[in-house]
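Reading the structure
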Amino acid sequence: GTWIVPGGMRSKIQEKMNSYLNLPVWAPPSIENLARYIGGGFKVEEIKNSPFKIVSFRHGDGDVALELLKMIYSESEELVKQNTREEQRKQRLFLEETYRDTEVLEFKQALAGMMVEHAKIEMMSHNDLPSIARIIDPPYVSKFKTAPNTLRLLGVPMFGGLAFGIGLILLFTLIRRE
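These figures come from a predicted structure and were not determined experimentally.

Definitions and limits used
- Residues numbered from 1 in each chain as written.
- Predicted model: local features only at pLDDT ≥ 70, side-chain atom pairs only at ≥ 80, totals over all residues.
- Heavy atoms only, no water.
- Pairing = 2+ DSSP bridges.
- Helix = DSSP H or I, 4+ residues; strand = E, 2+ residues; numbered from the N terminus.
- Salt bridge = Lys/Arg side-chain N within 4 Å of Asp/Glu carboxyl O.
- Buried < 20%, exposed > 50% of the residue type's maximum accessible area, 1.4 Å probe, protein only.
- Axes fitted to C-alpha atoms, helices over the stretch in contact; angles between N-to-C directions.
- Parallel < 35°, antiparallel > 145°, perpendicular 65-115°, else oblique.
- Left-handed = near helix turned anticlockwise from the far one by under 90°.
- Contact = heavy atoms within 4.5 Å.
- Nonpolar A, V, L, I, M, F, W, Y, C, P; charged D, E, K, R; others polar.
- Expected span 1.5 Å × (residues − 1).
- Core = buried A, V, L, I, M, F, W, Y, C linked by side-chain atoms within 4.5 Å.

Here we come to the pairing of strand β1 (residues 42–46). Relative to strand β2 (residues 53–57), β1 runs antiparallel, the two being bridged by 5 bridges. Bridge pairing links Phe42 to Phe57 in β2. Taking the residues that link successive antiparallel strands as the turn, the β1-β2 hairpin has 6 residues, and the phi of Asn49 there is positive, at about 55 degrees.

Next comes the structure, spelled out in structure tokens:
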């Protein structure tokens, strides 16, 4: 598909302001934009003493986060499967070429055995089993807010600083009176 360029008076004014202030003007999203968008909220955590990992994605809309997680998983799995198939194809071609070029009967028998084992591995990789990971718990959207608590983030330090400042002022006035 094609991206629809924003239209209207407001977008034209915004484009002119951005151009004048040397800020980026509208352009179709690129891979770099996508990486920056996904990379900011994507997190992989290791579970201690375990080979498992927790993959999470933060987004304001839980449904979008869930959809992106599923998409990232399926795309990465497909990429790994493609790379594996290509590697297996190269290995098979090497074994077949070596088999054709070898004249020693014992080597040919060993290569035939290797080709059988390789064919088994190749067959297993062409099925629909997960190749890079198994999802133990399906992705879900948490019912708890994950956004920072603004009151705790700003209010507590502000009131703590205010109390500390008042305490310092009182301390200085007491020292001056003596």
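Within the structure shown, the criterion is met by 5 salt bridges. One salt bridge connects Arg85 with Glu78, and the closest N-O pair in it is separated by 3.8 Å. Given a relative accessible area of 36%, Glu78 falls into the partly exposed group. A salt bridge links Glu117 to Lys120, with the shortest nitrogen-to-oxygen separation between them at 3.4 Å. One end of the pair, Glu117, and the other, Lys120, are both in helix α4 (residues 105–125), 3 residues apart, so they sit about a helical turn from each other. On the basis of relative accessibility, which here comes to 44%, the residue Glu117 falls in the partly exposed class. What makes Lys120 partly exposed here is its relative accessible area of 45%.

This paragraph deals with the packing of helix α3 (residues 62–101) against α4. One can describe the packing of α3 onto α4 by two numbers: an axis separation of 10 Å at closest approach and a directional angle of 160 degrees. Classified by the angle their axes make, α3 and α4 are roughly antiparallel. α3 and α4 meet at a crossing whose hand is left-handed. Side by side, α3 and α4 meet where Thr84, Arg85, Gln88, Arg89, Gln91, Arg92, Leu95, Glu96, Thr98, Tyr99 and Arg100 of the first sit next to Lys108, Leu111, Ala112, Met114, Met115, His118, Ile121, Glu122 and Ser125 of the second. Residues that form the contact of α3 with α4 fall into these classes: 7 nonpolar, 6 polar and 7 charged.

A word on α3. Every α-helical turn comprises 3.6 residues, leaving residues that sit three or four positions apart pointing alike. An ideal rise of 1.5 Å per residue puts 58 Å on 40 residues; α3 measures up with 59 Å between its terminal C-alpha atoms. Burial in α3 covers these residues: Ala65, Leu66, Leu68, Leu69, Glu77, Lys81, Gln88 and Leu95. Buried residues along α3 sit in contact with α2 (31–41), β1, β2 and α4.

Looking now at the nonpolar core. Counting 5 residues, the largest nonpolar core consists of Ile38, Phe57, Ala65, Leu68 and Leu69. If one sorts the elements of this core by residue count, α3 sits on top with 3 residues. Among residues more than four places away in sequence, those in contact with Phe57 are Tyr37, Ile38, Gly41, Phe42, Ala65, Leu68 and Leu69.

This part covers α4. The terminal C-alpha atoms of α4 lie 30 Å apart, and with 21 residues this matches the ideal 30 Å at 1.5 Å per residue to within 8%. Structurally, α4 contributes buried residues whose contacts are with α3.

Bringing unusual backbone geometry into the picture now. In this structure, Asn22 is a non-glycine residue whose phi angle is positive, near 60 degrees. In this fold, Asn22 is placed in the loop between α1 (9–20) and α2. Taking relative accessible area as the criterion, Asn22 reaches 72% and is therefore assigned exposed. Residue Asn49 is not a glycine yet carries a positive backbone phi of 55 degrees.

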